[in-house]
Amino acid sequence: MTNSLTTGRLPRWVPWTLLGASWAVLLVVFGMVAASSDTELNVPAAIFLGTVLFDVLLFVTAYLVEGIRQARDRFVTSLVVTAFILALLPLISLLFTVLTNGLARFDLAFFSQSMRNVVGEGGGALHAITGTLLITGMAAIISIPVGLLTAVYLVEYGRGGLARAITFFVDVMTGIPSIVAGLFAFAFFSLLFDDEGIRFGFGGSVALSLLMIPVVVRSSEEMLKLVPNELREASYALGVPKWLTILKIVIPTSIAGITTGVTLAIARVIGETAPLLLIAGFTTSMNYDLGADRMMSLPVFVFNQYANPGSNVDPYLERAWTGALTLILIVMALNLIARLIANIFSPKLGR
């Protein structure tokens, strides 16, 4: 008598069917509760509890069909799926909320007008978008060379107490609160220019660079360490000096990881509000000069629209949500550009 190898096995479609059915049941239950209590449907909670119900149903079904050993295996696998869904739920909920609320003012006026002389409806965030790009761009210009050269020193040259001291201070800077960076920039430029009320965009760039440099250093350092020593030794064997080996071999080999680290550093600071409130200030007018007068940024724009609405709250909230959506889109664009740069400049491997 020949036994089938698939005897006592659940079909592949059963777990997916159980997951979909669990979600559907919990959504129906939550919908009925929301309708009876006149409240909004809590979709994330329904999805989470539905996934937990799926874990139980899959274990019971696998135990009845496949036995306790396979049931335990499937139960652990379902727990991994539950953890993955639990990690994604806040992100999906956030994106959905920002999209639904931010599309109301996602129009041409929002990207072509400032808030100068605007009270109530209308206006836009052109001045804030421009300020964000200028301040963050200058912060990147300051931070990337400093951070990359520091990483090169630590990996290729750094030995002894000085390298350990630099590593220690970089680790300390990684954990400083953003408002401390803003206070430092404000105090530094106040003493430098003897002006206690100084506010300008370049100060915001300096404050953000204090937050960017440690991230660039640590990420670049780890990427440079991944470059095999055999590549360096082969270059030295051909008589290439060390500085040229770093420039032509080490950095191009690790450029993909370095670019990703730089992008993460920019994404880390582009949404900062506290330091820019202190040193860059806020304004309703356009300002293209980083060295003079106050300069608005998107995070401060969103905060100001939400915290200081007029008598008619809706236009202010709509502008705040659209500003948040714009900030997310800018970060997404930066990630896409980083991927493109990494693909273009990363070393091409032969067959």
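Residues numbered from 1 in each chain as written. Predicted model: local features only at pLDDT ≥ 70, side-chain atom pairs only at ≥ 80, totals over all residues. Heavy atoms only, no water.

1. As for the overall build of the chain
Helix and strand counts for the chain come out as 14 helices and zero strands. Order of helices (α) and strands (β) in the chain, N terminus to C terminus: α-α-α-α-α-α-α-α-α-α-α-α-α-α. On C-alpha atoms alone, the chain measures out to a radius of gyration of 27 Å, which is more than a quarter above the 20 Å that the 2.2 N^0.38 rule sets for 351 residues. In the chain, which comprises 351 residues, the share counted as buried stands at 38%. Relative to all contacts within the chain whose residues are 6 or more apart in sequence, the contacts with residues 24 or more apart total 72%. Considering the chain, the positive charge centre built from 21 side chains and the negative charge centre built from 21 side chains are found 13 Å apart. (Helix = DSSP H or I, 4+ residues; strand = E, 2+ residues; numbered from the N terminus. Rg over C-alpha atoms; globule rule 2.2 N^0.38 Å. Buried < 20%, exposed > 50% of the residue type's maximum accessible area, 1.4 Å probe, protein only. Contact = heavy atoms within 4.5 Å. Lys, Arg positive; Asp, Glu negative; His and termini not counted. Charge placed at Lys NZ, Arg CZ, Asp CG, Glu CD.)

2. Some remarks on the environment of Ala-24
Here Ala-24 is to be found in helix 1 (residues 13-37). Separated by 37 residues in sequence, Ala-24 and Thr-61 place their C-alpha atoms 18 Å apart.

3. Points about the environment of Asn-304
Position of Asn-304 relative to the elements: it lies in helix 13 (residues 298-307). Between the alpha carbons of Asn-304 and Tyr-316 there is a distance of 8.9 Å; along the sequence they are twelve residues apart.

4. Quick look at the pattern of salt bridges
Tallying each qualifying case throughout the model produces seven salt bridges. One salt bridge connects Asp-107 with Arg-105, and the closest N-O pair in it is separated by 3.3 Å. Residue Arg-105 is classed as buried on the basis of its relative accessible area, which comes to 10%. With a closest N to O distance of 3.5 Å, Glu-221 and Lys-225 form a salt bridge. Separated by four residues within a single helix, Glu-221 and Lys-225 lie in helix 8 (residues 201-225), roughly one turn from each other. On the basis of relative accessible area, Glu-221 is assigned to the buried category, the value being 5%. Note on Lys-225: relative accessible area 48%, which makes it partly exposed. (Salt bridge = Lys/Arg side-chain N within 4 Å of Asp/Glu carboxyl O.)

5. A closer look at helix 8
Compared with an ideal rise of 1.5 Å per residue, which puts 25 residues at 36 Å, helix 8 spans 36 Å between its outermost C-alpha atoms and is within 8% of the ideal. Taking burial as the measure, the 25 residues of helix 8 include 19 buried ones, the bulk of the element. (Expected span 1.5 Å × (residues − 1).)

6. A closer look at the packing of helix 5 (residues 126-157) against helix 6 (residues 161-174)
Closest axis-to-axis distance for the helix 5/helix 6 pair is 10 Å, and the angle between their directions is 135°. In terms of their interaxial angle, helix 5 and helix 6 are classed as oblique. Helix 5 and helix 6 meet at a crossing whose hand is left-handed. The segment helix 5 lies against helix 6, with Thr-150, Tyr-153 and Leu-154 engaging Leu-162, Ala-163, Ile-166 and Thr-167. Of the residues in the contact of helix 5 with helix 6, the class split is five nonpolar, two polar and no charged. (Axes fitted to C-alpha atoms, helices over the stretch in contact; angles between N-to-C directions. Parallel < 35°, antiparallel > 145°, perpendicular 65-115°, else oblique. Left-handed = near helix turned anticlockwise from the far one by under 90°. Nonpolar A, V, L, I, M, F, W, Y, C, P; charged D, E, K, R; others polar.)

7. Regarding the confidence of the model for the chain
Averaged over all residues, the pLDDT of the chain is 87; the fraction at 70 or higher stands at 96%. Taken element by element, the chain is modelled with least confidence in helix 14 (residues 313-345), mean pLDDT 86, and with most confidence in helix 5, mean pLDDT 93. Low confidence marks residues 1-7, where pLDDT is under 50. Its contacts with residues over four positions away, or in another chain, come to zero contacts. (pLDDT = per-residue confidence, 0-100.)

8. Re the packing of helix 8 against helix 11 (residues 255-270)
The relative placement of two packed helices comes down to the angle between their axes together with the axis-to-axis distance. The contact between helix 8 and helix 11 brings their axes to 8 Å, and the two run at 160°. Regarding the angle of helix 8 to helix 11, the classification is roughly antiparallel. Where helix 8 crosses over helix 11, the handedness of that crossing is right-handed. Between helix 8 and helix 11, the residues in contact are Leu-208, Leu-211, Met-212, Val-215, Val-216, Ser-219, Ser-220, Met-223 and Leu-224 and Gly-257, Ile-258, Gly-261, Val-262, Ala-265, Ile-266, Arg-268 and Val-269, respectively. Classifying every residue of the contact of helix 8 with helix 11 by side-chain character gives twelve nonpolar, four polar and one charged.

9. Quick look at the nonpolar core
Judged by nonpolar contacts, the single largest core of 40 residues is most densely connected at Ala-125, Ile-135, Leu-208, Met-212, Leu-224, Leu-298 and Phe-301. For this core, the secondary structure elements donating two or more residues are helix 5, helix 8, helix 10 (242-253), helix 11, helix 13 and helix 14. Those residues in contact with Leu-298 that lie beyond four places of it in its chain are Ala-125, Ala-128, Ile-129, Thr-132, Gly-323, Thr-326, Leu-327 and Ile-330. Among the nonpolar cores identified, the runner-up in size contains eight residues, and Val-14, Leu-18, Leu-58 and Ala-62 belong to it. (Core = buried A, V, L, I, M, F, W, Y, C linked by side-chain atoms within 4.5 Å.)

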